[in-house]
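As a plain string of letters, each chain reads:
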Amino acid sequence: MNTVLLASNRGPVSFTLAEDGSLTMRRGGGGMVSGLSEVVKETDVLWVCAALSDGDRGAVRLAPSGRLDQAGYDTGPVRMLDIPPATFHRAYNAVANSTLWFVNHLLYDTPNSPQFDMRFRREWESYQDYNAAFALALAEEAAHGARVMIQDYHLTLAPAMLRVERPDLRIAHFSHTPWAPPEYFSLLPDAISAELLSGILGADHAGFLTVRWASAFMDCCEVLLGAQVDRAERTITYEGRTTRIGVHALGVDGDALWARALEPDVESHMTALRERVGDRKLIVRIDRTELSKNIVRGLSAYKQFLTDHPEWHGKVTHLAFAYPSRHDLPEYREYTAAVQRSAKEIEDEFGGEDWDPLILNVDDDYARSLAAYRMADVLLVNPIRDGMNLVAKEGPILAPTCALVLSREAGAAAELGADAIVVNPYDVSGTANALFDALMLPEEERAKRGTRLRAAATALPPSRWFADQLAALDHGASGPQ
Ligand code: G6P
């Protein structure tokens with residue numbers, strides 16, 4: 001039996017199935033998963049996650065009770081759940097990614113969507129089943145009084161479901177996304193928003209990345225659920241139980257990031273990039289091609305900057321890395337096409353024989369991203385809304401004199417805003433001016449700001465972030481104020 005358990009949709013590893021039926025294991029992707037993988041390596045945590053693909057399902061079926069480590073894989077303790085594919089897809093694509101992600105990032109084009117009809121009700125049932133599968137597995141694996149750390153919007157119902165099965169457990173939920181204000185959250189049907197909020201309130205401790213998202217959650221509980229909220233104490237009391245609200249601003253392990261960024265594959269990408277761009281200044285962005293990341297407006301801002309400042313022609317290149325994401329959803333496929341169209345417009349208007357104004361890369365390459373960070377003069381991070389945004393933290397660690405242009409709607413702005421050039425992500429002209437200001441920022445000022453940005457970015461590395469939440473469950477504390 002396990003005394004600390006972690007639950008998330010995406011696990012630390014994934015499998016691909018070759019034509020001959022053989023399975024290849026890869027380490028999981030994404031900021032949250034790689035941060036947590038480092039943490040659990042050092043502690044004895046059982047990680048419960050979902051099978052995401054046919055490859056994963058193949059591996060689970062060969063593992064006793066889904067325990068990958070007991071099937072001989074070097075994963076640390078992992079139980080992967082083989083949730084029926086149709087249930088999984090409705091829960092993950094239709095509810096988690098197309099609905100809850102859209103609500104919390106304010107992404108809807110409201111004259112046209114959402115529409116919560118009978119089809120959505122069926123999708124919601126799958127989301128309930130998916131959460132119940134996690135709650136059941138956690139109930140089976142947890143020792144008496146164990147601590148269970150449930151992650152993200154995929155698993156909002158699991159805390160309350162688990163509490164019914166196992167009232168002895170200490171349960172935490174953590175939201176890695178923003179939280180919507182009540183007037184937007186209430187787009188969801190009333191019964192569903194109540195189920196969702198009370199699902200999280202099944203936890204003893206509900207964690208958020210910033211004060212702003214924690215406050216929005218408290219507002220939703222008060223307005224939409226009628227819960228009793230104590231903002232000074234950061235507690236919510238509902239149906240006789242009290243949940244503590246914590247703020248834990250996930251940061252970066254700077255030493256580990258540097259160790260990786262000094263490896264030879266990164267150095268060779270730096271050499272290749274330098275050959276391509278010469279001594280031009282570099283404006284860098286690194287994102288998943290994700291609707292909330294605001295890549296199209298970022299490109300429009302760069303275009304506007306080039307129009308306003310012909311003196312910079314030939315002296316600057318924009319490296320835009322936009323990696324594929326969630327291509328099961330049509331909105332994401334369309335968005336990727338829109339990014340490519342915007343890039344082409346810039347190349348057509350400004351590009352010439354001896355100058356690439358823009359280099360857009362749409363294929364994933366971590367070593368190349370690290371090379372770009374190290375060479376950046378300006379880092380552009382302009383999401384329309386973001387839980388934290390670890391790019392804004394990784395960049396200043398690897399590029400000590402890089403100027404940061406940062407959206408005020410990224411969670412990271414709470415910690416980094418004072419030393420960044422802060423923009424309204426919808427204001428394309430404002431962002432164009434910010435790019436110019438960032439390029440013109442004097443060297444000494446960059447260095448001063450860089451030192452402070454690095455200190456803030458490394459303040460709460462994943463290991464401390466995780467330990468703080470375990471401690472909050474032990475002591476009933478609500479985290480730093
Ligand atoms: C981002 C968010 C996380 C979320 C993850 C899911 O990294 O910050 O909150 O869990 O996306 O991404 P996926 O690729 O697994 O759908």
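Quick caveat: nothing in here was measured; it's all calculated off a predicted structure. (Residues numbered from 1 in each chain as written. Predicted model: local features only at pLDDT ≥ 70, side-chain atom pairs only at ≥ 80, totals over all residues. Heavy atoms only, no water.)

(A) Spatial organisation of the overall build of the protein. Scanning the protein from N- to C-terminus turns up 18 helices and 17 strands. The globule rule puts the C-alpha radius of gyration for 481 residues at 23 Å, and the 23 Å found for the protein is close to it. C-alpha extents for the protein along the principal axes are approximately 65 × 55 × 45 Å. Taking all 481 residues of the protein together, the buried fraction comes to 57%. Considering only contacts within the protein whose residues lie at least 6 apart along the sequence, 75% involve residues at least 24 apart. (Helix = DSSP H or I, 4+ residues; strand = E, 2+ residues; numbered from the N terminus. Rg over C-alpha atoms; globule rule 2.2 N^0.38 Å. Buried < 20%, exposed > 50% of the residue type's maximum accessible area, 1.4 Å probe, protein only. Contact = heavy atoms within 4.5 Å.)

(B) Spatial organisation of the sheet that holds strand 15 (residues 378–381). With parallel pairing, six strands are arranged side by side in an open sheet as 14-13-12-15-16-17. A strand with exactly one partner marks an edge of an open sheet, and here the two such strands are strand 14 (358–361) and strand 17 (421–423). Strand after strand, the sheet turns through a mean of 15° between neighbouring axes, direction not considered. Bridge count for strand 12 (residues 281–288) against strand 15 is two bridges, and the pairing is parallel. Residue pairing in the sheet places Val-284 in a bridge with Leu-379 of strand 15. (Pairing = 2+ DSSP bridges. Axes fitted to C-alpha atoms, helices over the stretch in contact; angles between N-to-C directions.)

(C) Focus on the confidence of the model for the protein. Of the residues in the protein, 99% reach a pLDDT of 70 or more, and the chain-wide mean stands at 95. Here residues 477–481 is modelled with pLDDT under 50, and outside its nearest four sequence neighbours on either side it reaches 14 contacts, counting other chains as well. (pLDDT = per-residue confidence, 0-100.)

(D) Structural view of the nonpolar core. By size, the foremost hydrophobic cluster in this structure holds 169 residues, and its most contacted members are Trp-179, Phe-217 and Phe-466. Counting only domains with at least three residues in this core, you end up with domain 1 (4–250 + 463–475) and domain 2 (254–457). (Core = buried A, V, L, I, M, F, W, Y, C linked by side-chain atoms within 4.5 Å. Domains from an automatic or database assignment.)

(E) Summary view of the domain arrangement of the protein. Domain annotation of the protein identifies domain 1 (4–250 + 463–475) and domain 2 (254–457). Each of domain 1 and domain 2 was reduced to a C-alpha centroid, and the two centroids are 30 Å apart. Taken together, the 24 residues of domain 1 in the interface contact 20 residues of domain 2. For the pair domain 1 and domain 2, the summed buried area comes to about 1,600 Å², and 58% of that belongs to carbon and sulfur atoms. Inspection of the region where domain 1 meets domain 2 yields one salt bridge. One salt bridge connects Glu-409 with Arg-212, and the closest N-O pair in it is separated by 2.7 Å. Here domain 1 is connected to domain 2 by seven residue pairs in polar contact (both at pLDDT 80 or more). The set of elements that each furnish at least two residues to the side of domain 1 that touches domain 2 consists of helix 3 (85–104) and helix 8 (211–225). A class-by-class count of the residues in the side of domain 1 that touches domain 2 yields 14 nonpolar, nine polar and one charged. (Buried area = accessible area lost by both parts, 1.4 Å probe. Salt bridge = Lys/Arg side-chain N within 4 Å of Asp/Glu carboxyl O. Polar contact = N/O pair within 3.5 Å; in protein donor to acceptor, adjacent residues only side chain to side chain. Nonpolar A, V, L, I, M, F, W, Y, C, P; charged D, E, K, R; others polar.)

(F) Focus on the site of the ligand. Contacts to the ligand come from Arg-10, Met-32, Tyr-92, Trp-101, Asp-152, Tyr-153, His-154, His-176, Arg-288 and Arg-326. Within the side chain of Asp-152, one N or O atom sits 2.6 Å away from an oxygen atom of the ligand. One nitrogen or oxygen atom from the side chain of Arg-326 is found 3.2 Å from an oxygen atom belonging to the ligand. Burial of the ligand by the protein amounts to 81% of the accessible area it has alone, namely 390 Å². For the shell around the ligand, the class distribution of residues is four nonpolar, two polar and four charged. (Near = heavy atom within 4 Å. Areas by Shrake-Rupley, 256 points an atom, 1.4 Å probe, with all protein chains shown as cover.)

(G) The arrangement of the sheet that holds strand 1 (residues 2–7) in detail. On the basis of which strands lie adjacent, the open sheet formed by nine strands has the order 5-4-1-6-7-8-11-10-9 and mixed pairing. In the strand order of this sheet, the two ends are held by strand 5 (78–81) and strand 9 (228–230), each with one partner. Along the sheet, successive strands turn relative to each other by an average axial angle of 20°, direction set aside. Bridge count for strand 8 (residues 205–208) against strand 11 (residues 241–247) is four bridges, and the pairing is parallel. Pairing of Phe-208 across the sheet is with Val-247, part of strand 11. The strands that helix 1 (residues 31–42) touches are strand 1, strand 4 (46–50) and strand 6 (142–151); relative to strand 4, the one it contacts most, it runs at about 155°.

(H) Region of the structure containing the state of the cysteines. Under the definition given, this model contains zero disulfides. In this structure Cys-220 is not part of a disulfide, and its nearest cysteine sulfur, from Cys-221, lies 6.9 Å away. Note on Cys-220: relative accessible area 0%, which makes it buried. (Disulfide = S-S within 2.5 Å.)

(I) Quick look at the packing of aromatic side chains. By the definition in use, this model includes 17 aromatic pairs. Between the aromatic rings of Phe-208 and Phe-217, the centroid separation amounts to 5.1 Å while the plane-to-plane angle is 35°, which identifies the pairing as tilted. Judged by relative accessible area, which is 0%, Phe-217 ranks as buried. A centroid spacing of 6.4 Å and a plane angle of 50° characterise the contact between Phe-305 and Trp-312, whose relative ring orientation is tilted. (Phe/Tyr/Trp six-rings, centres within 6.5 Å; stacked < 30°, edge-to-face > 60°.)

(J) Inspection of unusual backbone geometry at higher detail. For the bond from Ser-113 to Pro-114, the omega torsion is 10°, close enough to zero to count as cis. Assignment of secondary structure puts Pro-114 in the loop between helix 3 and helix 4 (118–141). Despite not being glycine, Arg-234 has its phi angle at roughly 55°, a positive value. A positive phi angle, close to 50°, is found at Glu-239, a residue other than glycine.

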